[in-house]
Amino acid sequence: MSSKRRKPPRRDVRLHEEVTAEEGFVWTRKDLLGLDELSPQEILHILDTAESFKEVSTRSIKKVPALRGKVVGLLFFEDSTRTRMSFELAASRMSADTILFTSKGSSVSKGETTLDTVKNIEAMGVDVFVIRHSQSGAPHLLAKQVGASIINAGDGAHEHPTQALLDIFTIRQRLGRLAGVKVAIVGDIAHSRVARSNILGLRKLGADVTVVGPPTLVPNAITAMGCRVSHSLDDILDEMDVINMLRIQFERFGGGLFPSLREYSKLYGLGAQRLSRCKKDVLIMHPGPINRGVELTSEVADGPNSCILQQVTNGLAIRMAVLYLVSPVRE
Ligand code: CP
């Protein structure tokens, strides 16, 4: 694959239209900041590149030389388990060197700005930065200020593109299609970067998205993104092919948006009884970390309809693909 960069084409997709990959498509972006700016072709190209990298994890020697000599900087200004470890392992499988920054224990406590921190680490010879930050737009700002490629690993309540890509990859893998697939995204839509990126990506590939939650956690303006809104999980259960349950982002609001966790769970939690009213082969997803007993009971989270750990496995292939595509020079 070539690393030549040109302006990518944009094309809007009508609901239920199947998007097929263009032969000879060439990736041209320096950064992956969000699914908002990606065309359907670019999203498909990442998914298809991930398909080819998935095989690497099945080999006895799980390593390819694609990014040998490159340095990946993992910058986590906010906590993470899955995303951070998945990018670290993805970089290692591509033979890149990694350096890890976490804000806890760093010179951030002495007042160093995010930009100064990133410019100083870039001066050590970093080629690609993976950045998680609590401020929406932080990776976008940094992408204009540094020469290295930037991958957004979650910025505030804005976007989490690689999470949505691994979710979409998993749906396509399990159902064999995306166009016309009925996906419910349930819970704290207002504070969820996972919801935003999923809606953007799924709609561009022709899926039918319904967001579900209490009025205080579902902004009215979300319909402008092309999805339906329901405030009743019970009303939509039997139509759905996929139900993606979101974590309540307690760290992004001070409480008071619903009466109690017990009440929330009663109306919007998924347990065995609600599952019995879904399609028999409905896919149950969750980006993690799960609040067990709130969004999902353990019976559902660990049951046969759950593909939560498959999502995590697929995240590795997606992150290998993204690291490969944005790296400035590839072998
Ligand atoms: N899904 C997700 O982003 O998990 P982490 O916060 O553990 O990275």
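Every residue gets a number counted from 1 within its own chain, in the order that chain's sequence is written. Local features in a predicted model are, by the rule used here, given only for residues with pLDDT of at least 70; side-chain atom pairs are given and counted only at 80 or more, and totals for whole chains, interfaces and linings are based on all residues. Side-chain descriptors were evaluated using all non-hydrogen atoms of the structure, hydrogens and water having been removed beforehand.

In this model helix α11 (residues 308–326) runs 27 Å from its N-terminal to its C-terminal C-alpha over 19 residues, within 8% of the 27 Å that 1.5 Å per residue would give. Each residue's exposure class comes from its accessible area (1.4 Å probe, protein chains only) as a fraction of the maximum for that residue type: buried when under 20%, exposed when over 50%, partly exposed otherwise. Only DSSP runs of H or I covering at least 4 residues are called helices, and only runs of E covering at least 2 are called strands; the numbering of each starts at the N terminus. Of all 19 residues in α11, 15 are buried, a share of seventy percent or more. Between the first and last residue of a helix there are one fewer steps than residues, each counted as 1.5 Å, and that sum is the expected span.

Taken in spatial order, the 5 strands make up an open sheet running β7-β6-β5-β8-β9, and their pairing is parallel. Of all the strands in the sheet, just β7 (228–230) and β9 (283–285) have a single pairing partner and so form its edges. Averaged over neighbouring strand pairs, the angle between their axes works out to 20° when direction is ignored. For two strands to be treated as a pair, DSSP must find no fewer than two bridges joining them. Across 5 bridges, strand β5 (residues 182–186) lies against strand β6 (residues 208–212) in parallel orientation. The residue bridging Val 183 from the neighbouring strand is Val 209, located in β6. In this fold helix α5 (residues 161–175) packs onto β5, β8 (242–245) and β9, with an angle of close to 165° to the strand it touches most, β9. For helices, the axis comes from a line fit to the C-alpha atoms of the stretch in contact; other axes are also lines fit to C-alpha atoms, and the angle between any two N-to-C directions lies between 0 and 180 degrees. Note on contacts: a residue pair is in contact if any heavy atoms of the two residues lie within 4.5 Å.

Any two rings among Phe, Tyr and Trp, with Trp reduced to its six-membered ring, count as a pair given centres within 6.5 Å; such a pair is stacked if its planes are under 30 degrees apart, edge-to-face if over 60, and tilted if neither. This structure, assessed with the given rule, holds 3 aromatic pairs. Each ring, one from Phe 53 and one from Tyr 324, has its centre 5.4 Å from the other, and the planes form 70°; the classification is edge-to-face. Taken as a pair, Phe 53 in helix α1 (residues 40–54) and Tyr 324 in helix α11 lie far apart in primary sequence, 271 residues in all. Taking relative accessible area as the criterion, Phe 53 reaches 10% and is therefore assigned buried. For Tyr 324, a relative accessible area of 8% puts it in the buried group.

Rolling a probe over the atoms, with the probe sized like a water molecule, indicates the empty space that remains. Lining residues are those with an atom within 4 Å of a point, where the points come from a 1 Å grid over the protein atoms alone and group into cavities, where a 1.4 Å probe fits but cannot get out, or pockets, open sets with protein on both sides within 12 Å along at least five of seven lines. Grid points are joined across faces, edges and corners, and a volume is the space filled by probe spheres set on the points. Here the largest pocket defines a volume of roughly 360 Å³. If you trace the largest pocket, you find 20 residues lining it, with Arg 132, Arg 193, Arg 247, Gly 288 and Pro 289 closest to the centre. Elements that contribute at least two residues to the lining of the largest pocket include exactly α2 (82–93) and α6 (193–204). Three categories are distinguished: nonpolar for Ala, Val, Leu, Ile, Met, Phe, Trp, Tyr, Cys and Pro, charged for Asp, Glu, Lys and Arg, and polar for the others, with Gly belonging to the last. Its residues placed into classes, the lining of the largest pocket shows 4 nonpolar, 8 polar and 8 charged.

This part takes up the confidence of the model for the protein. For every residue, the predictor reports its confidence as pLDDT, a number between 0 and 100. Averaged over all residues, the pLDDT of the protein equals 92, while 92% of them reach at least 70. Within the model, pLDDT remains below 50 along residues 1–13, and this stretch shows 38 contacts once partners closer than five positions in the same chain are excluded.

Another point: the pairing of strand β1 (residues 71–76). Most of β1 is tucked away, with 6 of its 6 residues classed as buried. Every second residue of β1 is oriented toward a common face, with Val 71, Gly 73 and Leu 75 on one face and Val 72, Leu 74 and Phe 76 on the other, all of them buried. Bridge count between β1 and strand β2 (residues 97–102): 6 bridges; the pairing is parallel. Each residue of the ladder has a partner; that of Val 71, found in β2, is Asp 97. The parallel pair β1 and β2 is bridged by α2, and the resulting crossover is right-handed. Inspection of the sheet shows β1 paired to strand β3 (residues 128–133) by 5 bridges, in the parallel sense. For Gly 73, the partnering residue across the bridge sits in β3 and is Phe 129. A right-handed crossover is one whose linking path, passing over the helix from the first strand to the second, runs clockwise when the strands point away from the viewer.

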